[in-house]
Each structure stands twice: as C-alpha cells, then as structure tokens.
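# Structural features, examined
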Amino acid sequence: MFRTTAVRVHSLVKGALNISKPSVTTTRFMSSHSTETDEQFDARYENFFNRKDIDGWEIRQGINDLCGHDLVPEPKIVVAALKACRRVNDYALAIRILEAVKDKCGGKVNEIYPYIIQEVRPTLTELGIDTPEELGYDKPELALQSVYDIH
C-alpha cells in the first residue's frame, strides 16, 4: 500500500514540476568513403601476400576479404597470392584462388579471365601450378544433363 501511494505521489510531483529529460540528437556515420587510390589498394594486398611469415589461414582470409570487394583483383595481386601459396606449400589453395578470380570476372569471364591467365602464366609455369581448366575442373565429371535440355 505504501508503495502504491509513493508511486502515485511521485507521478503527481513529476507531472506538476514538468520534469523532462533533455533530448539528445545523435548522428551516425553509416558509410565513410575510403580515400585509398587503386595503386594503394593493390600495394596493400600485394604487401599482405608478400609477407614472409604468412600462413594458410591468413592467405584464405586475404582472398576472402579481396573477394568481398566489387572488383577483379589485378594480376600482380594474384601473382603475390600464388607465391604465398607456394611458400606455405598449399597447391589446392592456389587452384581455389584461380577459381575465385574466375568467379569474380562474372559475366565478362571470356574477356577478363584470359587476360589474367596470360599475365599470370609465367608465374604459374615457374611455380608448377596448373589452371583449373588444365586440371579439368571446369567440366564436372558427374554432372547430369539438365531436364530442360533433354528434348
């Protein structure tokens, strides 16, 4: 009973004195545009993959981060990533990087991907890495014919 009376007295006093909390306006910066140039971006990733103490997890992290951007990586970044794969002796990761680059080419895969392979070919030969096409990964061996293409 005392509690009920105290709550009512409190609300009456608060209403009579018209105590209100000050309104605070906050501003959130949802997007901040990067001032990094294309050359700085390429150099940052190239330096990341050229680190001597890089391990397989960090290579995967860098490629994942790179694939998150709306761009196709420059051949010099791909070369640095392939050399990093060779340093950690991870052939499968090198093939996955080439597959990821091909996937990033999107609808212009017939224009962009051959250029990248042409630029990366000396490194592939030096490191002894085959492309996914040379390994036959571009044609799935157990793929079934589409039911829409049967007739």
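See the structure printed just above.
Here's what I pulled together on the structure shown here. Values in this document were obtained by computation on a predicted structure and should not be read as measured data.

Basis of the calculations
- Throughout this document, residue positions are counted from 1 along each chain, in the order its sequence is written.
- Only residues with pLDDT of 70 or above have their local features reported here, since the model is predicted, and side-chain atom pairs are shown and tallied only from 80 upward, although totals for entire chains, interfaces and linings are computed over all residues.
- Only heavy atoms go into the side-chain values, all of them from the structure, while hydrogens and water stay out.
- Centres within 6.5 Å are what make two rings of Phe, Tyr or Trp a pair, Trp counting through its six-membered ring; a difference in plane orientation under 30 degrees is then read as stacked, over 60 as edge-to-face, and the rest as tilted.
- To qualify as a helix, a DSSP run of H or I must reach at least 4 residues; to qualify as a strand, a run of E must reach at least 2; elements of each kind are numbered from the N terminus.
- The buried label goes to any residue with under 20% of its type's maximum accessible area, the exposed label to any with over 50%, and the partly exposed label to all in between, with areas taken from a 1.4 Å probe on protein chains only.
- Should any heavy atoms of two residues lie within 4.5 Å, those residues are counted as being in contact.
- Whenever a nitrogen or oxygen atom comes within 3.5 Å of another N or O atom, the pair is scored as a polar contact, on the condition that within protein one atom can donate a hydrogen and the other can accept it, and that pairs from neighbouring residues in sequence are kept only if both atoms are in side chains.

### As for the packing of aromatic side chains
This model, assessed by the stated rule, comprises two aromatic pairs. When the ring of F41 is compared with that of Y45, the centres are 4.9 Å apart and the planes differ by 55°; the resulting orientation is tilted. Linking F41 with Y45, this pair stays in helix α2 (residues 38-49), spanning four residues, or about one helical turn. Since its relative accessible area comes to 11%, F41 is described here as buried. For the ring pair F48 and F49, a centre distance of 5.3 Å and an interplane angle of 75° mean the geometry is edge-to-face. F48 gets classed as partly exposed once you look at its relative accessible area, which sits at 22%.

### Digging into the environment of D90
Tracing the backbone through its elements, the reader meets D90 in the loop between α4 (75-87) and α5 (91-104). Since its relative accessible area comes to 18%, D90 is described here as buried. Sequence-wise, D90 and G56 are 34 residues apart; in three dimensions their C-alpha atoms are separated by 7.5 Å. In this view, D90 contacts R60 and C85; residues no more than four positions away in its chain are not counted. Only 3.2 Å separates the side chain of D90 from the backbone nitrogen of L93, close enough to count as a polar contact.

In short, the description is geometric, and any link to function would need to be established separately.
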